[in-house]
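# Geometric and topological summary
Here's the letter readout for the chains.
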Amino acid sequence: MAVTLKVTDGEEGEWAVLRVSGELDLVTSPVLRQRVHDAVADGRHQVVLDLGEVLFCDSSGVGVLIATRRLIRSCQGSLRLILPARGADGGASRSSEFEIGGGSHVNRVLGALGVRRLFDVYPDLAAATEDGTGEEPSTLSA
């Protein structure tokens, strides 16, 4: 059985929310890239990518996330990632949700590659879409 990528659109206040589920790999990553480009073309420069249901992410998926960050920054926008403490497979992390080895698959991949610090990461949609007066993101903004 082949697992594919599904991207659903939503809005939360001023934020365009793209919920991603499935596998983010060489074959499917262009789908996410296009959906991000569509959102930006529609004038949406405040984007949340909910990656909590991503089961697998390879280097091409990471490349799309980095390219998305670059695109949003070029528009003076904001990109926030949702990477929950529990992965899409329901497995609990052996470490805290924001450590390199913890949390969702994408969180572990970004940590292992040393690029997680490039992103503003939040545990859930409520935290990601706050107006900035709430909890700080779990990473340094680069």
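Rules used in this analysis
Residues numbered from 1 in each chain as written. Predicted model: local features only at pLDDT ≥ 70, side-chain atom pairs only at ≥ 80, totals over all residues. Heavy atoms only, no water. Helix = DSSP H or I, 4+ residues; strand = E, 2+ residues; numbered from the N terminus. Expected span 1.5 Å × (residues − 1). Contact = heavy atoms within 4.5 Å. Buried < 20%, exposed > 50% of the residue type's maximum accessible area, 1.4 Å probe, protein only. Core = buried A, V, L, I, M, F, W, Y, C linked by side-chain atoms within 4.5 Å. Axes fitted to C-alpha atoms, helices over the stretch in contact; angles between N-to-C directions. Parallel < 35°, antiparallel > 145°, perpendicular 65-115°, else oblique. Nonpolar A, V, L, I, M, F, W, Y, C, P; charged D, E, K, R; others polar.

The chain is annotated in an unreviewed UniProt entry as STAS domain-containing protein of Streptomyces sp. R21.

Given a rise of 1.5 Å per residue, 13 residues ought to cover 18 Å, and the 18 Å separating the end C-alpha atoms of helix H1 (residues 29–41) matches this to within 8%. Its buried side turned inward, H1 meets strand E1 (5–12), strand E2 (15–24), strand E3 (46–57) and helix H2 (59–74). Backbone geometry just after H1 places Gly-43 at a positive phi near 90°.

Right, let's talk about H2 for a bit. Each turn of an α-helix holds 3.6 residues, which means side chains three or four residues apart point in the same direction. Compared with an ideal rise of 1.5 Å per residue, which puts 16 residues at 22 Å, H2 spans 22 Å between its outermost C-alpha atoms and is within 8% of the ideal. Turning to H2, its buried residues are Ser-60, Gly-61, Val-62, Val-64, Leu-65, Thr-68, Arg-69 and Ile-72. Looking at the buried positions of H2, the neighbouring elements they touch are E2, H1, E3, strand E4 (78–82) and helix H3 (105–113). The first or second residue beyond H2 is Gln-76, which carries a positive phi of 55°.

Side chains of nonpolar character tend, in soluble globular proteins, to be buried together. Counting residues in each nonpolar core, the largest one holds 28 residues, and the members touching the most others are Leu-32, Leu-49, Leu-51, Leu-81 and Leu-110. Those elements that place two or more of their residues in this core are E1, E2, H1, E3, H2, E4 and H3. For this core, the leading source of residues is E3, giving five residues. The residues contacting Leu-32, other than those within four sequence positions of it, are Leu-5, Val-7, Val-20, Leu-24, Leu-49, Val-64 and Leu-65. The next biggest cluster of nonpolar side chains, apart from the first, holds eight residues, and it includes Trp-15, Val-17, Ile-82 and Ala-127.

The contact between H1 and H2 brings their axes to 9 Å, and the two run at 10°. One finds that H1 runs roughly parallel with respect to H2. From H1, Ser-29, Leu-32, Arg-33, Val-36, His-37 and Val-40 reach across to H2, where they touch Ser-60, Gly-61, Val-64, Leu-65, Thr-68, Leu-71 and Ile-72. Here the contact of H1 with H2 is built from residues that sort into seven nonpolar, five polar and one charged.

Even without being glycine, Gln-76 reaches a positive phi, approximately 55°. If you trace the backbone, Gln-76 turns up in the loop between H2 and E4. Under the relative-accessibility criterion, Gln-76 is labelled exposed at 68%.

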